[in-house]
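Close look at the chain arrangement
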Amino acid sequence: MRISLRKHLARLGPWLDDVQETWIGWSLPPANRAIKDAGWKPDSAIVYCSRCGTTVGDGEATSLGCGSCRGKKINTNATVRLGPYSNELSEWVRCIKYQRWPEMGEELGTMLGSSLRDSGYVDFTNGIVVPMPMPWQRRMCRGIDHALVIAGAVASQLKMPLFRVLAKDNGIPQVAKSSTERIRSGGKGFKLTRRLGGWKLSGVQVILVDDVRTTGASIRGASKILKKAGSTNVIASVIAVSDELARRERSKTLPESPLALL
Ligand SMILES: [Zn+2]
């Protein structure tokens, strides 16, 4: 493992202090109130690349993508996001995962559903919502399947069926890996489950839901399996994208939670 557990534990103190001061001190406020008080709003589609979700300036993205993804193979058909993984949005995502704050997951999932509806990408007659899978060992440890919570709210907002058709082998969490390691291994370990009911993936659009897109390796791995099973169209749908701008912003604030290693 590249980052030692001891190093992460040393960072636990300040991180928890900040979380406590910011959120626990309020005993976790109603999610909609936290969002309103922060004055936060989801991104409009013009501020990010519709192909990879990276933040872009005026005219920087075309139908062929942006400076980050143009010329690169991307096996999803579009990306819809709420914002960059920085400031309040990154804190909320971490609280959903590590403080078990499902209400915020549902609130942001509902907003993501609205952004998807407004995007014009959704095939309401022939689409399903699929959460990015979490290994059962990690779900037991964290006590929340955050992608499932977010995807449930997306499905409810879009009035579309949700199927947990993907599973993932246990392994080192993506957050504990370097970018290179994520790209190399993030797409591995996905498989189909038998939870499709009467549905077949053949010809179906999949709204693939996750909390954060970093290198895109996990989304690419999941999309590969879905398309192999016959899905013709996969829309990557994430709360946040950790692009260069977001990483610069985050370096000014909090370190990643050491609990992410669990
Ligand atoms: Zn792009």
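Now for a description of the structure that goes with this document. Since the structure is predicted, the reported quantities are computational estimates derived from the model, not experimental observations.

1. Some details on helix H7 (residues 146–158)
Along its 13 residues, H7 runs 18 Å from first to last C-alpha, staying within 8% of the 18 Å computed at 1.5 Å per residue. Along H7, the residues classified as buried are His-146, Ala-147, Val-149, Ile-150, Ala-151, Ala-153, Val-154, Ala-155 and Leu-158. Buried residues belonging to H7 abut helix H4 (87–98), helix H5 (102–119), strand E2 (127–131), helix H6 (136–142), strand E5 (205–213) and strand E6 (233–241). Looking one or two residues beyond H7, the residue adopting positive phi is Lys-159, at roughly 55°.

2. Quick notes on the pattern of salt bridges
In a structure, side chains of opposite charge can pair up when their charged atoms sit close to one another. Scanning all chains against the criterion turns up 6 salt bridges. Here Asp-37 ties to Arg-33 by a salt bridge, and the two come within 3.7 Å at their closest N and O atoms. Highlighted residues: Asp-37 and Arg-33, both in helix H3 (residues 31–38), separated by 4 residues, approximately one helical turn. Between Asp-145 and Arg-139 there is a salt bridge whose closest N-O contact spans 3.8 Å. Among the charged side chains, a salt-bridge network with shared partners connects Asp-43, Arg-81 and Asp-243.

3. Comments concerning the layout of surface pockets
For the second largest pocket, the calculated volume is near 500 Å³. Forming the boundary of the second largest pocket are 22 residues, of which Thr-54, Ser-68, Lys-72, Arg-213 and Thr-214 lie nearest the centre. Looking at the lining of the second largest pocket, the elements that each hand over two or more residues are helix H8 (179–185) and helix H10 (244–250). With 4 residues, H10 is the single largest residue contributor to the lining of the second largest pocket.

4. Considerations on the pairing of E5
With 9 of 9 residues buried, E5 is to be regarded as a mostly interior element. As defined by bridge partners, E2 adjoins E5 across 5 bridges and the pair is classed as parallel. Across the sheet, Ile-128 pairs through a bridge with Val-206, a residue of E5. For the handedness criterion, the β-α-β arrangement of E5, helix H9 (residues 217–228) and E6 is classed as right-handed.

5. Some details on unusual backbone geometry
We note that Asn-87 has phi near 45°; this positive angle belongs to a residue other than glycine. Note on Asn-87: relative accessible area 31%, which makes it partly exposed. Despite not being glycine, Arg-100 has its phi angle at roughly 50°, a positive value. Structurally, Arg-100 can be placed in the loop between H4 and H5.

6. Considerations on the sheet that holds strand E1 (residues 78–84)
Strand order across the open sheet formed by 4 strands is E1-E6-E5-E2, with parallel pairing between neighbours. Each edge of the open sheet is held by one strand with a lone partner, namely E1 and E2. Neighbouring strand axes in the sheet, compared pairwise and without regard to direction, differ in orientation by 20° on average. In terms of strand pairing, E5 meets E6 through 8 bridges, oriented parallel.

About the cut-offs
Residues numbered from 1 in each chain as written. Predicted model: local features only at pLDDT ≥ 70, side-chain atom pairs only at ≥ 80, totals over all residues. Heavy atoms only, no water. Helix = DSSP H or I, 4+ residues; strand = E, 2+ residues; numbered from the N terminus. Expected span 1.5 Å × (residues − 1). Buried < 20%, exposed > 50% of the residue type's maximum accessible area, 1.4 Å probe, protein only. Contact = heavy atoms within 4.5 Å. Salt bridge = Lys/Arg side-chain N within 4 Å of Asp/Glu carboxyl O. 1 Å grid on protein atoms, 1.4 Å probe; cavity = no way out; pocket = protein on both sides within 12 Å on 5 of 7 lines; lining within 4 Å. Points joined across faces, edges and corners; volume = space filled by probe spheres on them. Pairing = 2+ DSSP bridges. Right-handed = clockwise from strand over helix to strand, strands pointing away. Axes fitted to C-alpha atoms, helices over the stretch in contact; angles between N-to-C directions.

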